[in-house]
Every structure is written in structure tokens, then in C-alpha cells.
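Architecture and fold: a report
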Amino acid sequence: GAVVSQHPSWVICKSGTSVKIECRSLDFQATTMFWYRQFPKQSLMLMATSNEGSKATYEQGVEKDKFLINHASLTLSTLTVTSAHPEDSSFYICSTRPPAGDGEQYFGPGTRLTVT
Amino acid sequence: SQQGEEDPQALSIQEGENATMNCSYKTSINNLQWYRQNSGRGLVHLILIRSNEREKHSGRLRVTLDTSKKSSSLLITASRAADTASYFCATPTSGTYKYIFGTGTRLKVLA
């Protein structure tokens, strides 16, 4: 069964509005989750690392004030795209890794965001 | 860019044939992973190979790792139409659990 869920699976919003995407770890508690963005026919680009109980760490070039990340519990991380613009339209995927292991990550099914 | 590169970018083969994809990376690693992504879906973990391993098998998959050349290959034997997907390699950034994904290979298996 699924290890990681995301909600919603797709969303369409108007330019200027904010959109929240949820990522849930279903099988284990995750102190760390990762958020990726994927443009059509391109690879995944890591946006940020979500840390439970502390601030997220963002990759270079990712605006932290635009992509708000909250990791309020050990099973839930949220990504809010604030004041969305058409160029934010993308596929957003979260992942998590079990506390013990070699680093294998489990990915959510992704959320397709379209900003009109 | 730290992103790894994969080749070919796209591959089209007949069902039953073998498919080979290659991945090159830039930094020293302790493991490398391969993932599959069906169109518009999340990623599925295929196999993890550690830096002290040279070859690993899982069903119809065979992965090799050459740390001296900073490269890995994924072989899918006796391919099926259901293998049609994009395949990515991923390597960890030094000392972290953050993974960098390769550019991906889009595989199409024709029935």
C-alpha cells in the first residue's frame, strides 16, 4: 500500500491566490520530508527539506517566502505556494525516508498545480 | 549543477528486448538509487546499490556501479510494455539525505 500520500492530487487556481499541498507519511514517523518540483519532461529538482519542529531548509534559488513549509507533526508536512503565478505551474512531489535504512526514499503520488 | 546525467534521454525498443540506461554523477557517494516514474505519477523505488557493491539484481533488473568512473547502469531484461516509463538515478549529496536526481531516460516499450 501507499507509504506517502499527497492531497490534493491536482489543483487549478487563479494567479495571485495561495495553494496548500499536504504530504502525509502513512507508515512511519518522519522527522524529515523533502519537497521536489518537476516541470514537464524534466527531472525532479529538490526545493526544500522539511524538518519536524524546526524551520525548513531551502535549496539555492528557492524563495522561502513564496514556498512556505510547515512540518507540524511527525506525519504531516505542508507546502503552501503563496501568490501563485503561472510559472509556478508544476508537479510537486514530496518524499520521506524511514528513520532506519540506507537512505531509500518513498515518494508521494504528486500534486499537479496549474495556475491560470 | 550537481545534477547527474543519464543517457540516452529517450529509448524506444520492442517488447522482449533488453533496455540499458546509463547514469553519470559528479561527487563521491555512498549509495546510488534508481527510480521509475510513470507519466504524471510519483516515483517508485527500484533498487539501491551501495558504493562497495559492483552489481545488484532484482528480478529483471540489473544495476552496476563503477565508482572509479562515477557511473551506473540499469539493465531491464525481457522488457514489457508495462516497463514504459521514465527512469531516474539519484545520488546523495555528501553527508546528507538529500538526493540529486539525474536527467532521466524516457523508455518506451512497443508491444
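**Quick notes on the interface of chain B and chain A**
Taken together, the contacts link 20 residues of chain B with 22 residues of chain A. With both chains or domains summed, chain B and chain A bury close to 1700 Å², and 54% of this area falls on carbon and sulfur atoms. Counting across the chain B and chain A interface gives one salt bridge. Linking Glu-59 of chain A and Lys-98 of chain B is a salt bridge whose minimum nitrogen-to-oxygen distance equals 2.8 Å.

**Focus: the pattern of salt bridges**
Residues and elements named next belong to chain B. Under the criterion given, the structure shown has seven salt bridges over all chains. Residues Glu-53 and Lys-56 are paired through a salt bridge, measuring 4.0 Å at the closest nitrogen-oxygen approach. Classification of Glu-53 by relative accessible area gives partly exposed; the value is 22%. The partner of Glu-55 in a salt bridge is Arg-62, and the shortest N-O contact between them spans 3.0 Å. Look at Glu-55 and you get partly exposed, because its relative accessible area is 40%. Here the salt bridges share partners, and the residues they tie into one network are Arg-50, Glu-53 and Lys-56.

**A word on the sheet that holds strand β1 (residues 4-7) of chain A**
All names here are of chain A. Spatially, four strands are ordered β1-β3-β8-β7 in an open sheet, and the strand pairing comes out antiparallel. The strands lining the two open edges of the sheet, one partner per strand, are β1 and β7 (67-73). Along the sheet, successive strands turn relative to each other by an average axial angle of 15°, direction set aside. Where β1 lies against strand β3 (residues 19-25), four bridges are found, and the strand directions are antiparallel. When the sheet's bridge partners are listed, Ser-5 is paired in β3 with Arg-24.

**Topic: the packing of aromatic side chains**
Applying the stated criterion across every chain yields a total of seven aromatic pairs over all chains. With a centroid separation of 5.4 Å and 90° between ring planes, the pair formed by Tyr-36 of chain A and Phe-101 of chain B is classed as edge-to-face. Of this pair, Tyr-36 of chain A sits in strand β4 (residues 32-38) while Phe-101 of chain B is found in strand β10 (residues 99-101), placing the two residues in two different chains. Since its relative accessible area comes to 0%, Tyr-36 of chain A is described here as buried. The interplanar angle of 45° and the centroid separation of 6.4 Å between the aromatic rings of Phe-67 of chain A and Tyr-92 of chain A together place this pair among those described as tilted. Linking Phe-67 of chain A in strand β7 with Tyr-92 of chain A in strand β9 (residues 90-96), this pair joins segments that are 25 residues apart in sequence. Here the two residues Phe-67 of chain A and Tyr-92 of chain A agree in accessibility, since each one is buried.

**So, the state of the cysteines**
Applying the stated criterion to the full structure yields two disulfides over all chains. Here Cys-23 of chain A engages in a disulfide with Cys-94 of chain A; their sulfurs sit 2.0 Å apart. Disulfide Cys-23 of chain A-Cys-94 of chain A: torsion about the S-S bond near 80°, hence right-handed. Taken together, the residues span a long stretch of sequence, with Cys-23 of chain A in strand β3 and Cys-94 of chain A in strand β9 at a distance of 71 residues. When sorted by exposure, Cys-23 of chain A lands in the same class as Cys-94 of chain A, which is buried. The residue that forms a disulfide with Cys-23 of chain B is Cys-89 of chain B, at a sulfur-sulfur distance of 2.0 Å. Around the S-S axis, the bridge from Cys-23 of chain B to Cys-89 of chain B shows a dihedral of about 70° and counts as right-handed.

So, how was this worked out
Residues numbered from 1 in each chain as written. Chains lettered and ligands numbered in written order. Predicted model: local features only at pLDDT ≥ 70, side-chain atom pairs only at ≥ 80, totals over all residues. Heavy atoms only, no water. Contact = heavy atoms within 4.5 Å. Buried area = accessible area lost by both parts, 1.4 Å probe. Salt bridge = Lys/Arg side-chain N within 4 Å of Asp/Glu carboxyl O. Buried < 20%, exposed > 50% of the residue type's maximum accessible area, 1.4 Å probe, protein only. Pairing = 2+ DSSP bridges. Helix = DSSP H or I, 4+ residues; strand = E, 2+ residues; numbered from the N terminus. Axes fitted to C-alpha atoms, helices over the stretch in contact; angles between N-to-C directions. Phe/Tyr/Trp six-rings, centres within 6.5 Å; stacked < 30°, edge-to-face > 60°. Disulfide = S-S within 2.5 Å.

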